[in-house]
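What the coordinates show
Residues per chain are reported as follows:
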Amino acid sequence: MDILIAIVPALMWGTLPLVVSKIGGSTEQQIIGTTLGALAFALVTFLFISPELSMTAWIAGLFSGAFWALGQMNQFAAFKQMGVSKTMPISTGMQLVGTSLFGVLAFGEWSNTSALILGISALVLIVAGAAFTSYKEDKSKKDENIGKGLLLLVISTIGYVGYVVIARWFNINGWEAVLPQAIGMVVSAILLSLRKGNLFAKQTFTNGLAGIMWAVGNIALLFATARVGVATSFSLSQTGVVISTIGGVLFLKEAKTKKEMTFVIIGCILVVAGGIMIGFTKQ
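Here the residue index of a chain counts from 1 through its sequence in written order. Given that this is a predicted model, residues contribute local features only at a pLDDT of at least 70 and side-chain atom pairs are listed and counted only at 80 or more, while totals for whole chains, interfaces and linings are drawn from all residues. Side-chain figures throughout are based on the complete set of non-hydrogen atoms in the structure, without hydrogens or water.

**So, the layout of surface pockets**
Vacant regions in the atomic arrangement are exposed by a probe of water-molecule size rolled over the atoms. Roughly 250 Å³ of internal volume is contained in the second largest pocket. Every helix listed is a DSSP run of H or I at least four residues long, and every strand listed is a run of E at least two residues long, numbered separately from the N terminus. Contributions of two or more residues to the lining of the second largest pocket are made by helix H3 (55-82), helix H4 (84-107) and helix H6 (144-169). Residue type decides the class: Asp, Glu, Lys and Arg count as charged, Ala, Val, Leu, Ile, Met, Phe, Trp, Tyr, Cys and Pro as nonpolar, and the leftover types, Gly among them, as polar. Grouping the constituent residues of the lining of the second largest pocket by class yields four nonpolar, four polar and six charged. Every definition here rests on a 1 Å grid over the protein atoms only: cavities are sets of points where a 1.4 Å probe fits but cannot get out, pockets are open sets enclosed by protein on both sides within 12 Å along at least five of seven lines, and lining residues have some atom within 4 Å of a point. Grid points are joined across faces, edges and corners, and a volume is the space filled by probe spheres set on the points.

Take a look at the structure:
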């Protein structure tokens, strides 16, 4: 049962990009809808858990959530430029590299030789995996969207890393962060979207399903961490990239040649392997 709980984040977060892409809407409608769904789930959770929230928890949680919205919004925008199957492995790889490097520099992780070797080896696998997934067989066709997509993912990674680092820096536990982060997500999503019109259309609220999926995965990760430990729960959560990548090809009909698909599968395996290795450095 504990392992089944630990698999839930991968299922939720791996399926989320497919759901958002199927529902459609503008990037702004997608991020506002997703954050509203996350807020609705957080409010219900808060009624049952009711953690005591300090001023530090509120402020750090709000800023952490704001960074998450920045990260998620730019990832959604990258889907439109490169597709889910190409975006997710690269995005996951950049997040793992970014959070790991920040952990080493700011929090003194990988302080012993074995952790350092394992961590560096993991980063090499992740970078190689991301490179494999971006392989294009017909190099005569210039892909102008790849440059735009990668720029969006750089911004996205800054957002995701900020989301993780702020919560850790101020030592905010998962239950304390749930509601403040969700409020920060919604406020940030709206502020980032103000320049666009028609923000609260039907597709906005339909995308609330994605926010609920993200929140369910987040809560499941909290339970899994308590039951099976950080290393196992974190490692299993990274496997969601396989679901979103393969799903992008099968369900969203993103075009791939057989050779490109082979490279994508190999790349996903390398990224997941790297994520699992990083998970073991957290022991």
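Past the structure itself, the notes keep going.
**Some remarks on the pattern of salt bridges**
The working definition used for a salt bridge is a side-chain nitrogen of Lys or Arg within 4 Å of a carboxyl oxygen of Asp or Glu. One pass over the structure, following the stated rule, counts one salt bridge. The shortest N-O distance in the salt bridge between Glu109 and Arg168 comes to 2.2 Å. Placement of the pair is Glu109 in the loop between H4 and helix H5 (113-133) and Arg168 in helix H6, with a sequence separation of 59 residues.

**Some remarks on the confidence of the model for the protein chain**
Values of pLDDT, ranging from 0 to 100, describe the predictor's confidence in every residue of the model. The share of residues in the protein chain with pLDDT of 70 or more is 97%, and the mean pLDDT across the chain is 90. Mean pLDDT across the elements of the protein chain bottoms out in helix H10 (residues 230-237) (79) and peaks in H3 (96).

**Some points on the packing of helix H2 (residues 27-49) against helix H7 (residues 174-193)**
A fitted line through C-alpha atoms represents every axis, and for helices the fit uses only the stretch in contact; the resulting angles, taken between N-to-C directions, go from 0 to 180 degrees. Here H2 crosses H7 at 155°, and the two axes come no closer than 8 Å. Here H2 lies roughly antiparallel to H7, going by the angle between them. Crossing geometry of H2 relative to H7 is assigned as left-handed. Of the residues in H7, those touching H2 at Glu28, Ile31, Ile32, Thr35, Leu36, Ala38, Leu39, Ala42, Leu43, Thr45, Phe46 and Ile49 are Trp175, Val178, Leu179, Ala182, Ile183, Met185, Val186, Ala189, Ile190 and Ser193. Under this scheme an angle from 65 to 115 degrees is roughly perpendicular, one under 35 degrees roughly parallel, and one over 145 degrees roughly antiparallel; angles in between are oblique. Throughout, a crossing is termed right-handed when the near helix is turned clockwise from the far one, and left-handed when it is turned anticlockwise from it by less than a right angle. Throughout, a contact is declared for two residues whenever any of their heavy atoms are within 4.5 Å.

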